[in-house]
Amino acid sequence: MAVVSSRWPRLSRMQRHDLFYGVLFASPWLIGFVLWTVYPIISSLYYSFTRYDLLQPPQFIGLTNYINLTTDDDFFLVIQNTLWWVVLSSPIGVASAFLMAVLLNSRIIARSAFRAIFFFPSIVPIIVVSSVWAFVLNIQYGAINATLRALELPTIPFLSNPTVVKPTLLLIHMWMQGGAMVIFLATLQEVPRELYEAATMDGAGSWSRFWSITLPMCSPVILFNMVMAFIGGFQNFALPWLLTQGGPNRSTEFFAVFLYRNAFQYLRMGKASALAWILFIVIVIFTVMLFRSSARWVYYRSE
Amino acid sequence: MAAEALTGDTTTRRRRAIHPAEIAGTIVRYILLIGLALTFLLPFYWMASSAMKDDNQVFTVPPRWIPNPAYVGNFLSAWQVQDFNLFTFNTVVKYAIPSTIGTVLSSALVAYSFSRIRWPGRDLLFAICLATMMIPFQVRLVPLFIIFKDLDWINTYLPLVVPAFFGNAFFIFMLRQFFRSIPTELSEAAVIDGANEFQVLVRIILPLARPALTVVALFAFMDAWNDYLGPLIYINNEPEWTLALAIQRMGRAMTEVGASANAYPYLMAVSTIVTMPILLIFFFAQRSFIEGISLSGLKG
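These numbers were taken from a predicted model, which means no experiment stands behind them.

Cut-offs applied
- Residues numbered from 1 in each chain as written.
- Chains lettered and ligands numbered in written order.
- Predicted model: local features only at pLDDT ≥ 70, side-chain atom pairs only at ≥ 80, totals over all residues.
- Heavy atoms only, no water.
- Helix = DSSP H or I, 4+ residues; strand = E, 2+ residues; numbered from the N terminus.
- Buried < 20%, exposed > 50% of the residue type's maximum accessible area, 1.4 Å probe, protein only.
- Contact = heavy atoms within 4.5 Å.
- Lys, Arg positive; Asp, Glu negative; His and termini not counted.
- Charge placed at Lys NZ, Arg CZ, Asp CG, Glu CD.
- Areas by Shrake-Rupley, 256 points an atom, 1.4 Å probe, with all protein chains shown as cover.
- Domains from an automatic or database assignment.
- Buried area = accessible area lost by both parts, 1.4 Å probe.
- Salt bridge = Lys/Arg side-chain N within 4 Å of Asp/Glu carboxyl O.
- Polar contact = N/O pair within 3.5 Å; in protein donor to acceptor, adjacent residues only side chain to side chain.
- Core = buried A, V, L, I, M, F, W, Y, C linked by side-chain atoms within 4.5 Å.
- Expected span 1.5 Å × (residues − 1).
- Axes fitted to C-alpha atoms, helices over the stretch in contact; angles between N-to-C directions.
- Parallel < 35°, antiparallel > 145°, perpendicular 65-115°, else oblique.
- Left-handed = near helix turned anticlockwise from the far one by under 90°.
- pLDDT = per-residue confidence, 0-100.
- Bend = angle between axes of the 7 residues up to and from the residue.

Before going further, it helps to spend a moment on the overall build of chain A. What chain A contains, in helices and strands, is 13 helices and 2 strands. Counting only C-alpha atoms, chain A reaches 95 × 75 × 35 Å along its principal axes. Looking at the 303 residues of chain A, the share that counts as buried comes to 53%. Summarising the internal contacts of chain A: among those between residues at least 6 apart in sequence, 63% fall at separations of at least 24. Averaging the locations of the 19 positively and 12 negatively charged side chains of chain A gives two centres separated by 7 Å.

Now for the overall build of chain B. When helices and strands are counted, chain B shows 16 helices and 0 strands. Oriented by its inertia axes, the alpha-carbon framework of chain B measures out at about 75 × 75 × 35 Å. For chain B, buried positions account for 48% of its 300 residues. Pairs at least 24 residues apart make up 72% of the contacts formed inside chain B by residues separated by at least 6 positions. For chain B, the exposed surface amounts to about 14700 Å²; the carbon and sulfur share of it is 66%. Side-chain charges of chain B comprise 21 positive and 19 negative groups, with the mean position of each set lying 8 Å from the other.

This part takes up the domain arrangement of chain A. As a measure of interface size, the accessible area lost when the parts come together is often cited. Partitioning chain A into structural domains gives domain 1 (2-47) and domain 2 (70-297). Once you take the C-alpha centre of each, domain 1 of chain A and domain 2 of chain A turn out to be 39 Å apart.

Right, let's talk about the interface of chain A and chain B for a bit. Counting residues at the interface gives 92 residues for chain A and 91 residues for chain B. Of the roughly 8200 Å² buried where chain A meets chain B, counting both sides, 80% is carbon and sulfur surface. Interface area lost by chain A to chain B is led by Phe25, Trp29 and Trp36 of chain A, which between them contribute 11%. The interface formed by chain A and chain B includes 0 salt bridges. Summed over the shared surface of chain A and chain B, the number is 13 residue pairs in polar contact (both at pLDDT 80 or more). Top element by residues in the side of chain A that touches chain B is helix α1 (residues 2-47) of chain A. It accounts for 23 residues.

For chain B, the assigned domains are domain 1 (2-77) and domain 2 (85-260 + 274-298). Taking the mean C-alpha position of each, domain 1 of chain B and domain 2 of chain B sit 34 Å from one another.

With respect to the helices, strands and loops of the structure, Asp18 of chain A is situated in helix α1. Judged by relative accessible area, which is 15%, Asp18 of chain A ranks as buried. Between the C-alpha atoms of Asp18 of chain A and Arg107 of chain A, which are 89 residues apart in sequence, the distance is 50 Å. Setting aside anything within four residues of it in sequence, one finds Asp18 of chain A in contact with Ile117, Arg118, Trp119 and Glu197 of chain B. A distance of 3.2 Å separates a polar atom in the side chain of Asp18 of chain A from a polar atom in the side chain of His17 of chain A.

Trp29, Met181 and Phe237 of chain A together with Phe84, Phe114, Tyr228 and Phe289 of chain B are the most contacted members of the largest nonpolar core, which totals 186 residues. The element contributing the most residues to this core is helix α10 (residues 206-234) of chain A, with 12 residues. Beyond its immediate chain neighbours, meaning those up to four positions away, Phe84 of chain B contacts Ala78, Trp79, Leu243, Ala246, Ile247, Met250 and Val270 of chain B. If you look at the next biggest cluster of nonpolar residues, it comprises 5 residues, including Val191, Tyr196, Ile213 and Met217 of chain A.

Next up on the list: the environment of Gly247 of chain A. All names here are of chain A. By secondary structure assignment, the location of Gly247 is in the loop between α11 (238-243) and α12 (255-265). For Gly247, a relative accessible area of 12% translates into the label buried. Residues within four places of Gly247 in sequence aside, it is in contact with Val165 and Thr252.

Tracing the chain through its elements places Ser43 of chain A in helix α1. The exposure class assigned to Ser43 of chain A is buried, which follows from its relative accessible area of 8%.

Along the polypeptide, Asn262 of chain B turns up in the loop between α14 (243-255) and α15 (263-284). Not counting chain neighbours up to four residues away, the residues in contact with Asn262 of chain B comprise Asp54 and Asp55 of chain B.

Time to look at the pattern of salt bridges. Think of it this way: side chains of opposite charge can pair up when their charged atoms draw near. Residue and element names in this part refer to chain A. Scanning the entire structure with this criterion turns up 6 salt bridges over all chains. Linking Arg261 and Glu253 is a salt bridge whose minimum nitrogen-to-oxygen distance equals 2.7 Å. For the pair formed by Arg261 and Glu253, the shared burial category is buried.

This part takes up helix α9 (residues 169-180) of chain B. Residues and elements named next belong to chain B. With 12 residues, α9 extends 16 Å between its outermost C-alpha atoms, agreeing within 8% with the 16 Å of an ideal straight helix rising 1.5 Å per residue. Those residues of α9 lying buried are Ala169, Phe171, Ile172, Phe173, Met174, Leu175, Arg176 and Phe179. Taking the backbone nitrogen of Phe170 as reference, a side-chain oxygen 2.9 Å away marks Asn168 as the first, capping residue of α9.

All names here are of chain B. Running from N to C, helix α6 (residues 122-131) and α9 cross one another at 130°; their axes reach a closest spacing of 8 Å. Taken together, the axis directions place α6 and α9 in an arrangement best described as oblique. With respect to the hand of their crossing, α6 and α9 are arranged in left-handed fashion. Here Phe126, Cys129 and Leu130 of α6 lie close against α9, whose contacting residues are Ala169, Ile172, Phe173 and Arg176.

On to the confidence of the model for chain A, then. Chain-level pLDDT for chain A is 91 on average; 95% of the residues reach the 70-or-more range. Confidence over residues 1-8 of chain A falls short of pLDDT 50; this stretch has 0 contacts with residues more than four positions distant or in other chains.

Turning next to helix α7 (residues 137-150) of chain B. All names here are of chain B. In this model α7 runs 20 Å from its N-terminal to its C-terminal C-alpha over 14 residues, within 8% of the 20 Å that 1.5 Å per residue would give. The sharpest bend along α7 reaches about 25° and sits at Pro143. For α7, the buried fraction is high: 10 of the 14 residues fall into the buried class. Where α7 is concerned, the buried positions are Gln138, Val139, Leu141, Val142, Pro143, Leu144, Phe145, Ile146, Ile147 and Phe148. A positive phi of about 65° marks Asp152, the residue just after α7.

Written out as structure tokens, the structure is:
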């Protein structure tokens, strides 16, 4: 009894000590969370109910920004562009990252060289990516079209034709999958060798080993990369902004480009905030739907 | 046992190697790998080779793949088209270095609290910290701009540097994972010797976490070096530009009427120079780099 009663106050002193230091050391993030996340999110919601051009103080107009968007043709064009992009770029990006990782994980020579080549584009400054691709894809003297013209083949209007430009962005997107690829590669290397050996002994070919071992074992990471790709896809800004400025004929005017234009070119901070909140809610819904669906296709190893 | 396994392994391998399907598979695999690698490298080759051409070699059909003559001096001339020394100074000294210092210090401190001190509410707050990574930046874009405008911080580097001192969710996560792998006995021994939490962090944890801290510092530096959106929003004044903003202007000026001679080669030359530090960092820290990124997926 005496031991217990004398230990309790000491323990709680320890707990108080831990709480004090825990909060103290976490305080940069805690304060930053309030300043740079909580407050901006709440004020963004408030601004979305106002008309605000930075010159005059915000003027409360209720749901007007949201209601106006329902009759805004530009907005629906942007939604179409963005959905096209998200629905295609996420699975295509994740699939290409996965296939590159599978290729790298097979028995090959110079693996680290290939890995470096596939990975590197994802860490190059986006301004360099856009400058270089703009030149490679240039209709007259780009590496590809100048070659085509020399062969007297028709040129490809990569960046100047509204129907070609989105697939062009997809190609560049596939070129920048290094991050997801490396995550897949780490996952593939974690798959226990015994599983493959056992399957081989049972007479499974490489194709069925891929379907029944590799894919299920990687499915949690496929989900992770899909979620990240969806979130990133909805926010796609720098590449279309730099490479095409939303064109030609506004075919690459994506949600984030439209939002940026409204905020910083037209100074419609209220409308931009309403757009941001719509984006936020759409992303949350998509993410939740993806996680819901994952129960059916993601395999979790029980350990 | 081992010898048996070994011979068993080699016989199966030898038997499989004879299989024509296996050979075909290997050939297809290498064709894919080499084809992909060449495609991936093409833009970089085009960038670096165009950087050494002049207008006569840039505007040709068929394209000239090897510059002849190669104008190596283009790198120097291109650097003087605008005041790129100033923009490098801005990018590195005013932005990348201070934001890297802030990110590493604050993220390490917070990660220590989230991994090595037990306190009520810790795990919930860490979960919230992770969840903030899912919030689209656009939601905070407008209010943050307004905050910094009211503080009169537009056209300064404060909006880009000050928030770095409040921790970065991804780096907090990375460092927390690393700190958790350090045995508790080490810090307990230090506590018995009379060290306080701060001393434990500085004397025990940080020296052991050097590799992880290096990766965080490299990532933070690269984030700043590569950043386009941040400077685009907060920096309008030309003398304050970063390299990214200066290159953007170079690209836009090129398409305008009366663009100067060698505009394409110069743009490619500057792009090559700006890519070099990233290539060097990647070259020397490839392994820790790739491990750092892999970590983010392992929790998925």
